[in-house]
Amino acid sequence: MSRPTLPADAARRLAWPLRLTATGMAVERLWRAFWPLATVLLGALALLGSGALNALIPPFWVAMAAGAVALAAFARGVRRFAWPTRPEVLARIDAALPGQPIAALLDQQAIGRADAGSQAIWAAHQARMEARLSGARAVEPDLRVARADPYALRFVVLIAAIMVAGFGSLSRVVDVTLPTGPAAQAALTASWEGWIEPPAYTGKPSLYLNDQPAGPLAVPTGSRVTLRLYGQQGVLGLTQDVAEAPIEAGLPFEITRNGQIEVTGPGGRRWRITAIGDVPPAVRPGGPMERALDGTMSQAFVATDDYGVVAGRAEFTLDAGALDRRHGLAADPEPRDPIVVDLPMPFRGDRALIEEVLHENFMQHPWAEMPVTMQLIVEDAAGQVAQSQVHEILLPGRRFLTPLAQVLIEQRRDLLWTRANGPRVAQVLRAVAHNADEDLFPGAGPYLKLGLAIRELESALAPELTGEARDRMARVLWDMAVAIEEGSLGDALARLQRAQERLAEAMRQGASPEELAELMDELREAMRDYMNQLAQQAPQGEQPPMGDNMMTMTPQDLADMMAEIEELMRQGRMDEAMAALEMLRQLMENMQATQGQPGQGQSPGEQAMQGLQETLRDQQGLSDEAFRDLQEQGGASSSAGESSDNEGRDGGQGRGQAHSGEGGEGEGSDGEDGQQGDLAGRQGQLRDQLEAQRRGLPGAGTEEGQAARDALGRAGDAMDGAEEALREGEFNEALDRQAEAMEAMREGMRNLEDAMRREQAARQGQQGTAAGEPGARRNDPLGREAGAGGMTADQGPLADGEDVYRRAQELMEDIRRRSGEGDRPELELDYLKRLLDQF
């Protein structure tokens, strides 16, 4: 009987599932038959690659046993393997289908062949089974052998083979030789391994010598070599000439020069080592040193190294040969160590190239403004040190422009130069105090502090000036000089004059461009404050008539003059710049603002501001009188070391002046007590006047108004203390309290001005265009439109018009011209570029 076959359509549908399933069944039977052989072969490969076979004793019999096991596993696989037949493949696919349609299609009708109904039912059954073949898919092979390998030996061997492939050396597989005697067995058990570790700072990886072929090998100098030899002694050896001294086998050594490293014996290698030397670092200044007005220095530098700079420093040493050894510097100086400061280093990133800027301030150092030598020093991780060339510079210090401050700083320098200058410094300071006038001393406080400093210095000189006392006096003189240099001036015109004088003095002293730029900014700020003050003093009514000999100046005119001064300074034409500055000073002094009648047309805030200004002037005058009394007291009582023929209050000693505008006669103690009582009474009246002004201060409920009230309250408390001190004759304490009161009053006036400005802005927002009525807008003496209440308008310094656009175009062209000049400082070019980007 012939074997039944599938219908043609069914056979066509099952063609690919049959092929794929047959292939899977063949792989499945191969794996089930030969997995023991694969396990044995992988295990042998792991033993050979790891070198463990060479350590086994005796390795020959181990190899023979492994070969026998592999042969048995192969025979088992051949015996168990059989290729899958077609019926087996069909049965595998049929088992995966619902209802076993393949078996149904292979069946034949057993009964009812002659019955038409039975045949119809059979045909329908066959058609339904054939339709189910549309879901036939290839069946995956079953590769599970867990029952045959309960200890999972196949996985253990697989992991060992993977480890050998990743961490071992497959070259050892071909190095295995069968021993023929005891010497051969000893050679077979010998092995080695080694590493070369470059210094950590190089950032280079370690080298595993077993993976490095014999031949040339370049490594950094200082690399650490570690070689381990295994097996019987004498089988393997080590020879090298890259270290300074012979090294025993097994001990680490460092590569210091070119040479060879060789492992002698079975499986040995030889490398020709090239030691890559560490290039020493280098450092140089990145440009000329820059200095600011406050003494801050900025020194750019560039440091390089092949692997990176780890540290650096700058050393400043006094250049005694370039020093002008006169006056206080004629004596031998006390020894001082060089100034050493660390160079800034980046916290992260590559240090092979460092471009940084050293910012330091040596304004209080004894060598400030003296010639010194500067040297930059850097070090790399290998300990190599590099030094820059020695540069002769003037150690930057704070530039003092006030004559009295300059005197104090010079005496401080002499005192720090050597303590032997102590008597000379005291004598010079006493001469300054003896011949002082009001132009030299700006107020009572500096003169008083100088007298106390002189007495303290003279007391410290007996019997000998100590280092601690010297340093304390140096701090006192420094604080006095700074206080005089930065003395607070309440009047805008006085601040403007001070800024002009400081700029002129800096030009005479040959200040640096950076310092002149700072002083020019200070002058612009003072000019702006003065112009605002003139605008606030403008009359509320009509503009004052202009005479034939009067002229108006706009803010643009003043700005042009200052720009011209700055350009002359930049070109080095200092004489012309000083002449232009003097012309500007005269113009500002001659500029006038017509004042209205007090209280006429003024707002409550303006009236309060005017009252506070008068109170502040009265307090300043009272403080000056108390200061003169203190001077005359000191002149009358300091007979030791002074001329005995004291002339009293109006004598030639000290700064005594008549208090009441008349000649000051010797009044005795009763007159002095009466004068003290008069000063205390006037101080109390000023305190009551200030309290009344504080109660009537506008701006209640606002932050600025409350701040003004708090500041004036502190001023009143300080006045109370000054009154009490005056009654007790403590002029020192009284002057301190009066200074506190004046400072608090200035703060309160600034807060009140802020409150008035806020109130004006709110009022302008409510009024809208009502300000456009006749007389509501007028020009102030500077050509600007004045806002409500005499405040400066917010529209800008100039009215809109053709001239404004023309001027703007000229400014843009000038900025473009300057930005194209490559010889300008980098900082200025960056600033000009930002202006062009913005506008």
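Novice: Explain unusual backbone geometry to me, and be specific about the residues and the numbers.
Specialist: Within the chain, alanine 152 stands out as a residue other than glycine whose phi angle is a positive 55°. Note that alanine 152 resides in the loop between α7 (116–132) and α8 (153–167). With relative accessibility at 24%, the residue alanine 152 sits in the partly exposed group.

Novice: How would you summarise the packing of aromatic side chains if you had to cite specific residues and measurements?
Specialist: One pair of aromatic rings is described through two measures. These are the centre distance and the angle between the planes. Applying the stated rule across the entire model yields seven aromatic pairs. Between phenylalanine 34 and phenylalanine 74, the aromatic rings sit 6.0 Å apart at their centres with planes inclined by 40°, giving tilted as the arrangement. Taken together, the positions of phenylalanine 34 in helix α2 (residues 15–50) and phenylalanine 74 in helix α4 (residues 59–80) put the pair 40 residues apart, joining distant regions of the chain. The ring of tryptophan 16 is capped by arginine 19, whose NZ or CZ atom sits 5.1 Å from the centre of that ring.

Novice: Which residues make up a negative patch on the surface, and what values go with them?
Specialist: Together, Glu290, Asp294, Glu514 and Glu518 give the surface a local cluster of negative charge. With respect to the element layout, aspartate 294 can be found in the loop between β10 (290–291) and β11 (296–304).

Novice: Outline a nonpolar patch on the surface, supporting the account with residue identities and numerical values.
Specialist: Taken together, the side chains of Leu71, Phe74 and Val78 make up a nonpolar region of the molecular surface, amounting to roughly 300 Å² of accessible area. Take leucine 71: it is sitting in helix α4.

Novice: Could you give an account of the packing of helix α11 (residues 403–417) against helix α12 (residues 422–434), with specific residues and numbers?
Specialist: It is the contact of α11 with α12, at a shortest axis distance of 9 Å, that shows an interaxial angle of 165°. With respect to their mutual orientation, α11 and α12 come out roughly antiparallel. The element α11 and its partner α12 pack so that their crossing is left-handed. Contacts from Leu404, Val407, Leu408, Gln411, Asp414 and Leu415 of α11 reach α12 at Gly422, Arg424, Val425, Val428, Leu429 and Val432. Among the residues forming the contact of α11 with α12, the class breakdown is eight nonpolar, two polar and two charged.

Novice: Explain the pairing of strand β4 (residues 224–230) residue by residue, including any values.
Specialist: Two elements, strand β1 (residues 191–197) and β4, share seven bridges in a ladder whose sense is antiparallel. Residue pairing in the sheet places tryptophan 195 in a bridge with threonine 226 of β4. The sheet contact formed by β4 and strand β6 (residues 253–254) spans two bridges and is antiparallel. Counted as the bridge partner of arginine 224 is glutamate 254 from β6.

Novice: Describe the pattern of salt bridges, listing the residues and the values that go with them.
Specialist: Taken as a whole, this structure holds 32 salt bridges when the rule is applied. Measuring nitrogen to oxygen at the nearest pair gives 3.2 Å for the salt bridge that ties aspartate 521 to arginine 524. Placement of the pair is aspartate 521 and arginine 524 together in helix α16 (residues 513–536), with a separation of three residues, close to one helical turn. The class for aspartate 521 is partly exposed, based on a relative accessible area of 48%.

Novice: Describe the sheet that holds strand β5 (residues 237–240), naming the residues involved and giving the relevant values.
Specialist: Spatially, β3-β8-β7-β5 is the arrangement adopted by the four strands of the open sheet, whose pairing is mixed. Strands with a single pairing partner mark the edges of an open sheet, and in this sheet they are β3 (215–220) and β5. Put simply, the sheet's adjacent strands are angled 25° from each other on average, direction ignored. Bridge count for β5 against strand β7 (residues 259–264) is four bridges, and the pairing is antiparallel. For leucine 238, the partnering residue across the bridge sits in β7 and is valine 263.

Novice: Which residues make up the environment of proline 252, and what are the values?
Specialist: Note on placement: proline 252 falls in the loop between β5 and β6. Expressed as a C-alpha distance, the spacing of proline 252 and glycine 194, which sit 58 residues apart in the sequence, is 9.9 Å.

Novice: Describe the packing of α2 against helix α5 (residues 86–95), naming the residues involved and giving the relevant values.
Specialist: For the pair α2 and α5, interaxial distance at closest approach is 9 Å and the crossing angle is 105°. Judged by the angle between their axes, α2 and α5 are roughly perpendicular. For the pair formed by α2 and α5, the contact residues are Pro17, Leu18, Thr21, Ala22, Met25, Glu28 and Arg29 on the first element and Arg86, Glu88, Val89, Leu90, Arg92 and Ile93 on the second.

Novice: Describe the sheet that holds strand β2 (residues 207–208), listing the residues and the values that go with them.
Specialist: Ordered in space as β2-β1-β4-β6, the four strands form an open sheet in which the pairing is antiparallel. Each edge of the open sheet carries a strand with a single partner, namely β2 and β6.

Novice: How would you summarise the nonpolar core if you had to cite specific residues and measurements?
Specialist: Core analysis: the largest hydrophobic core is formed by 56 residues, its most contacted members being Leu408, Leu450 and Leu752. Taken together, the elements giving at least two residues each to this core come down to α11, α12, α13 (444–460), α14 (467–485), α19 (604–637), α20 (668–695), α21 (703–727) and α22 (731–767). Not counting residues up to four positions away in its chain, the partners in contact with leucine 408 are Leu429, Leu450, Leu477, Met480, Ala481 and Ile484. Grouped together as the second largest cluster of nonpolar side chains are 27 residues, Phe301, Phe316, Ile339 and Ala386 included.

Novice: If you had to explain the side chain of arginine 470 to someone new, which residues and values would you point to?
Specialist: Tracing the backbone through its elements, the reader meets arginine 470 in helix α14. Judged by its relative accessible area of 7%, arginine 470 falls in the buried class. Once residues within four sequence positions are removed from consideration, arginine 470 is found in contact with Glu334, Arg336, Leu415, Leu416, Arg419 and Leu465.

Novice: Lay out the environment of glycine 684 with the relevant residues and their values.
Specialist: Counting through the fold element by element, glycine 684 comes out in helix α20. C-alpha separation for the pair glycine 684 and glycine 716, spaced 32 residues apart in sequence, amounts to 9.6 Å.

Novice: I'd love a proper account of α8, names of residues and values included.
Specialist: Across its 15 residues, α8 extends 21 Å between first and last C-alpha, which sits within 8% of the 21 Å expected from 1.5 Å per residue. Those residues of α8 lying buried are Arg154, Val157, Ala161 and Val164. The buried side chains of α8 occupy one side of the element, clustering within an arc of 90° when seen end-on. Of the exposed residues in α8, the ones pointing more than 90 degrees away from its buried face are Val156, Ile159, Ile162, Gly166 and Phe167. In the core, the buried residues of α8 are packed alongside α2.

Novice: Describe the side chain of serine 388, with residues and values.
Specialist: Tracing the chain through its elements places serine 388 in the loop between β16 (385–387) and β17 (391–394). Excluding residues within four positions of it along the chain, serine 388 makes contact with Val283, Arg284, Gln375 and Leu376.

Novice: Tell me about the environment of phenylalanine 362, and name the residues and values.
Specialist: Positionally, phenylalanine 362 belongs in the loop between β14 (353–361) and β15 (371–380). Judged by relative accessible area, phenylalanine 362 falls into the buried class, the value being 7%. Distance in space between the C-alpha atoms of phenylalanine 362 and isoleucine 339 is 9.5 Å, their sequence separation being 23 residues. Not counting the four nearest positions on each side in its chain, phenylalanine 362 is found in contact with Gly295, Met297, Phe316, Ile339, Val341, Ala368, Leu395 and Pro396.

Thresholds applied
Residues numbered from 1 in each chain as written. Predicted model: local features only at pLDDT ≥ 70, side-chain atom pairs only at ≥ 80, totals over all residues. Heavy atoms only, no water. Helix = DSSP H or I, 4+ residues; strand = E, 2+ residues; numbered from the N terminus. Buried < 20%, exposed > 50% of the residue type's maximum accessible area, 1.4 Å probe, protein only. Phe/Tyr/Trp six-rings, centres within 6.5 Å; stacked < 30°, edge-to-face > 60°. Lys NZ or Arg CZ within 6 Å of the ring centre and 35° of its normal. Patch = residues over 30% accessible without salt bridge, like charges linked within 9 Å, V, L, I, M, F, W, Y side chains within 5 Å. Areas by Shrake-Rupley, 256 points an atom, 1.4 Å probe, with all protein chains shown as cover. Salt bridge = Lys/Arg side-chain N within 4 Å of Asp/Glu carboxyl O. Lys, Arg positive; Asp, Glu negative; His and termini not counted. Charge placed at Lys NZ, Arg CZ, Asp CG, Glu CD. Axes fitted to C-alpha atoms, helices over the stretch in contact; angles between N-to-C directions. Parallel < 35°, antiparallel > 145°, perpendicular 65-115°, else oblique. Left-handed = near helix turned anticlockwise from the far one by under 90°. Contact = heavy atoms within 4.5 Å. Nonpolar A, V, L, I, M, F, W, Y, C, P; charged D, E, K, R; others polar. Pairing = 2+ DSSP bridges. Core = buried A, V, L, I, M, F, W, Y, C linked by side-chain atoms within 4.5 Å. Expected span 1.5 Å × (residues − 1). Arc of directions from axis to C-beta.

These figures come from the coordinates and say nothing about function on their own.
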